[in-house]
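Analysis of the macromolecular model
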Amino acid sequence: MQESNPLGGMNSEVDALNILRAITPTLDPAKHKGQAGKIAVIGGCREYTGAPYFAAISALKIGADLSHVFCTKDAAPVIKSYSPELIVHPILEESYSIRDGDENHISAKVVGEVDKWMERFDCLVVGPGLGRDPFLLGCVSEIMKRARQSNVPIVVDGDGLFLVTNSLELVSGYPLAVLTPNVNEFKRLVQKVLNCEVNDEDAHEQLLTLAKRIGGVTILRKGKSDLITDGEIVKSVCIYGSPRRCGGQGDILSGSVAVFLAWARQHILASEGNLSIRNPTMLGCIAGSALLRKAASLAFEKKKRSTLTGDIIECLGRSLEDICPVL
């Protein structure tokens, strides 16, 4: 008899560590720069510079070769100062810096600057530190449309979820879109799409219905156990993480999912292994969730109550090595 899940429905826990091992590529000296992943984060404004950094540097710490950040001019020098490893593009604009009548010209310029890089990316992360400036969100909407046209996967987090909740057509029907809502973001999505409240007694079915109603997307509902669905199946990752809930862990997750999603696509295209799950967005979410939880647990062992996001990031490499050793 199956065990009951604390978030409603039957036990759907997946062998996340086996999936993580299967899709993580071997380190091969014959490969060249870029083959292990090129990730771009769309986010970062005057108020929020940490979030895009956390997402972008996490991608590098896991093993992506290149990590870009497209942010506002105000945010760029700050983000650059955090790490020389990131490629920072100070091209996004907010309403306060635009004169009346220049909106269309500036928007086209911003979107064009990102678009000329688009085909180089294996995944976009949209939302960390983005803010809610109307002009900026309008530009990001166009960037997401271009990503869809180029068949580039999109991981949506933070303020990107605010944008998508109010403009579902940006992700509806796109199978390479991943939404990573926390408790409050999930509540807003459920209210908007299903016109009801969150039902933890029937969490699996509600999550399935939500994904189906939006159409084609994968949703990673963050919580004590992470629940993941593509509208067809629901899987949970229940690995113990950390009781310390410092801000920024969602940014680590979005960067992690982006890398593993890219690796999962490579794995599936190469027809490697015999994983029962063949959807790269599901695989990416499962692996990203598992690694973050392992890293958070390791960081908490060392730092306890003083654990910060940077401590967890520093444990990503060790955690991946423990799960998937370099031979």
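Up top is the structure.
Criteria and cut-off values
Residues numbered from 1 in each chain as written. Predicted model: local features only at pLDDT ≥ 70, side-chain atom pairs only at ≥ 80, totals over all residues. Heavy atoms only, no water. Core = buried A, V, L, I, M, F, W, Y, C linked by side-chain atoms within 4.5 Å. Buried < 20%, exposed > 50% of the residue type's maximum accessible area, 1.4 Å probe, protein only. Helix = DSSP H or I, 4+ residues; strand = E, 2+ residues; numbered from the N terminus. Contact = heavy atoms within 4.5 Å. Pairing = 2+ DSSP bridges. Axes fitted to C-alpha atoms, helices over the stretch in contact; angles between N-to-C directions. Phe/Tyr/Trp six-rings, centres within 6.5 Å; stacked < 30°, edge-to-face > 60°. Lys NZ or Arg CZ within 6 Å of the ring centre and 35° of its normal. Right-handed = clockwise from strand over helix to strand, strands pointing away. Disulfide = S-S within 2.5 Å. Expected span 1.5 Å × (residues − 1).

As a further point, take the nonpolar core. Formed by 63 residues in total, the largest nonpolar core has its most connected members in Leu86 and Phe260. A total of 12 residues in this core trace back to one element, the largest contributor, which is helix α10 (residues 280-303). Residues in contact with Phe260, not counting those within four places in the same chain, are Leu20, Ile23, Thr24, Ile62, Gly284, Ala287, Gly288, Leu291 and Leu320. One finds Ala40, Val140, Ile154 and Leu189 within the second-largest nonpolar core, a separate group that totals 50 residues.

Here strand β4 (residues 123-126) shows a buried face lined by Cys123 and Val125 and a second buried face lined by Leu124 and Val126. As paired elements, β4 and strand β5 (residues 154-156) share three bridges and run parallel to each other. Bridge pairing links Val126 to Val156 in β5.

Below, the discussion takes up the sheet that holds β5. One open sheet accounts for nine strands, arranged β3-β2-β1-β4-β5-β6-β7-β8-β9; its pairing is mixed. Among the strands making up the open sheet, the edge pair consists of β3 (87-92) and β9 (234-237). Each strand axis lies, on average, 20° off the axis of its neighbour in the sheet, ignoring direction. The sheet contact formed by strand β1 (residues 38-42) and strand β2 (residues 66-72) spans five bridges and is parallel. Note on β2: the bridge partner recorded for Lys38 is Leu66. Where helix α6 (residues 159-166) meets the sheet, its contacts fall on β4, β5 and β6 (177-179), and the angle it forms with β5 comes to roughly 100°. Packing against the sheet, helix α8 (residues 203-214) makes contact with β6, β7 (218-221), β8 (226-229) and β9, and its axis sits at approximately 40° to β8.

Moving on, we come to the packing of aromatic side chains. Taken as a whole and judged by the stated rule, the model has four aromatic pairs. Ring geometry for Tyr53 against Phe54: centres 5.8 Å apart, planes inclined by 55°, an arrangement best described as tilted. Judged by its relative accessible area of 19%, Tyr53 is buried. Between Phe260 and Trp263 the ring centres are 5.4 Å apart and the planes differ by 90°, which places this aromatic pair in the edge-to-face class. You can see Phe260 and its partner Trp263 sitting in helix α9 (residues 249-269), three residues apart, about one turn around the helix. Of the two residues, Phe260 and Trp263, both sit in the buried class. Among the aromatic side chains, those forming a connected cluster through ring pairs are Tyr53, Phe54 and Tyr82. Here Arg46 stacks its cationic end above the ring of Tyr96, 4.0 Å away from the centre of that ring.

With that out of the way, let us pick up the pairing of β2. Along β2, six of the seven residues are buried, which leaves the element largely enclosed by surrounding structure. Each parallel crossover has a hand, and for β1 linked through helix α2 (residues 50-62) to β2 it is right-handed. In terms of strand pairing, β2 meets β3 through five bridges, oriented parallel. Directly across from Phe70, in β3, lies its bridge partner His89. Remark: the β2/helix α3 (residues 76-82)/β3 crossover connection has right-handed handedness.

Counting buried residues along α6, six of its eight residues qualify, which places the element largely inside the surrounding structure. Looking only at α6, the buried set comprises Asp159, Gly160, Leu161, Leu163, Val164 and Thr165. Of the surrounding elements, those touching the buried residues of α6 are β4, α5 (134-149), β5, β6 and α7 (183-193).

Below, the discussion takes up the state of the cysteines. One pass over the structure, following the stated rule, counts zero disulfides. Free cysteine: Cys123, not disulfide-bonded; nearest cysteine sulfur from Cys285 at 9.7 Å.

The next point concerns α9. The first and last C-alpha atoms of α9 sit 30 Å apart over 21 residues, in line with the 30 Å expected at 1.5 Å per residue. Extensive coverage of α9 is indicated by the burial of 17 of its 21 residues.

Looking at the element boundaries, Leu170 is found in the loop between α6 and β6. When the C-alpha positions of Leu170 and Ser141 are compared, they lie 7.0 Å apart, and in sequence the two are 29 residues distant. Ignoring any residue separated from it by four or fewer positions in sequence, one finds Leu170 in contact with Ser141, Met144, Lys145, Arg148 and Leu163.

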